[in-house]
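# Structural overview
Below, each chain spelled out in residue letters.
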Amino acid sequence: MAASSRAQVLDLYRAMLRESKRFSAYNYRTYAVRRIRDAFRENKNVKDPVEIQTLVNKAKRDLGIIRRQVHIGQLYSTDKLIIENRDMPRT
């Protein structure tokens, strides 16, 4: 993989993780982070430049979808789950 392609993929990976951590719903947030990590790990050994470019284009589309879904999720507030309330003492 060329250096510029590697840098582009890493930037895309970081952007997807950063954006997915903005989901307000815990379940969506954890699923998105897990799915992004799994997908990038699954494709880390791809050497074909055409296939790499195809995967990068798909990831860019997915990043756009994540951004839209985060924005939509912020329009509708929900209560936090018990697992998210770390301030509460455990009994």
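Counting from 1, residues in each chain are numbered in the order their sequence is written. For this predicted model, a pLDDT threshold of at least 70 governs which residues receive local features, and a threshold of 80 or more governs which side-chain atom pairs are given and counted, while totals over whole chains, interfaces and linings are taken from all residues. In computing side-chain properties, one takes all heavy atoms of the structure into account and sets aside hydrogens as well as water.

Helix and strand labels come from DSSP, where a helix needs a run of H or I of at least four residues and a strand needs a run of E of at least two; each type is numbered from the N terminus. From N to C terminus, the protein chain includes three helices and zero strands. Ordered by position from the N terminus, the helices and strands of the protein chain form the series α-α-α. Think of it in three bands: with a 1.4 Å probe and only protein chains considered, a residue is buried below 20% of the maximum accessible area for its type, exposed above 50%, and partly exposed in between. In the protein chain, which comprises 91 residues, the proportion classed as buried is 23%. Each accessible area is a Shrake-Rupley result for a 1.4 Å probe, and residues are judged covered by the shown protein chains and nothing else. Surface exposure of the protein chain reaches about 7500 Å², of which carbon and sulfur atoms provide 53%.

In this section: the packing of aromatic side chains. Two rings belonging to Phe, Tyr or Trp (six-membered ring only in the last case) form a pair when the distance between their centres is within 6.5 Å. Interplanar angles under 30 degrees mark stacking, angles over 60 mark edge-to-face geometry, and anything in between is tilted. This structure, assessed with the given rule, holds two aromatic pairs. Consider the rings of phenylalanine 23 and tyrosine 28, whose centres lie 6.1 Å apart with planes at 40 degrees: the pair is tilted. Judged by its relative accessible area of 58%, tyrosine 28 is exposed.

How far a helix is expected to stretch is found by multiplying one less than its residue total by 1.5 Å. Between the first and last C-alpha of helix H3 (residues 49-75) there are 39 Å, a value that for 27 residues agrees with the 39 Å anticipated at 1.5 Å per step. For H3, the full list of buried residues reads Ile52, Val56, Ala59, Leu63, Ile66 and Val70.

Quick look at the pattern of salt bridges now. The salt bridge criterion pairs a side-chain nitrogen of Lys or Arg with a carboxyl oxygen of Asp or Glu, the two atoms within 4 Å. Scanning the model with the defined rule gives four salt bridges in all. A salt bridge links arginine 14 to aspartate 11, with the nearest nitrogen and oxygen atoms 3.6 Å apart. In this pair, arginine 14 and aspartate 11 are both assigned in helix H1 (residues 3-20), three residues apart and thus about one turn of the helix distant. Here glutamate 19 makes a salt bridge to arginine 22, at a shortest N to O gap of 2.8 Å. In this structure glutamate 19 comes out as buried when scored by relative accessible area, which is 11%. One salt-bridge network, in which partners are shared between bridges, spans Glu19, Arg22 and Arg67.

Moving on to helix H2 (residues 26-42). In this model, H2 (17 residues) spans 24 Å end to end at C-alpha, consistent with the 24 Å of a helix rising 1.5 Å per residue. Those residues of H2 lying buried are Arg29, Ala32, Val33 and Ile36. Angular distribution of buried residues about the axis of H2 spans 95 degrees; they occupy a single face of the element. Pointing more than 90 degrees away from the buried face of H2 are the exposed residues Asn27, Arg41 and Glu42. To be clear, the arc concerns the directions from the helix axis to the C-beta atoms.

All right, on to the side chain of arginine 29 then. Structurally, the position occupied by arginine 29 is in helix H2. Accessibility expressed as a relative area gives 18% for arginine 29, which makes it buried.

It is worth spelling out the environment of arginine 37 at this point. Positionally, arginine 37 belongs in helix H2. Spatially, the C-alpha atoms of arginine 37 and methionine 16 are 9.6 Å apart, while their sequence positions differ by 21 residues. Throughout, a residue-residue contact means that at least one pair of heavy atoms, one from each residue, lies within 4.5 Å. Aside from chain neighbours lying at most four places away, what touches arginine 37 is Tyr13, Leu17 and Lys21.

Spatial relationships are all this shows, so hold off on functional conclusions.
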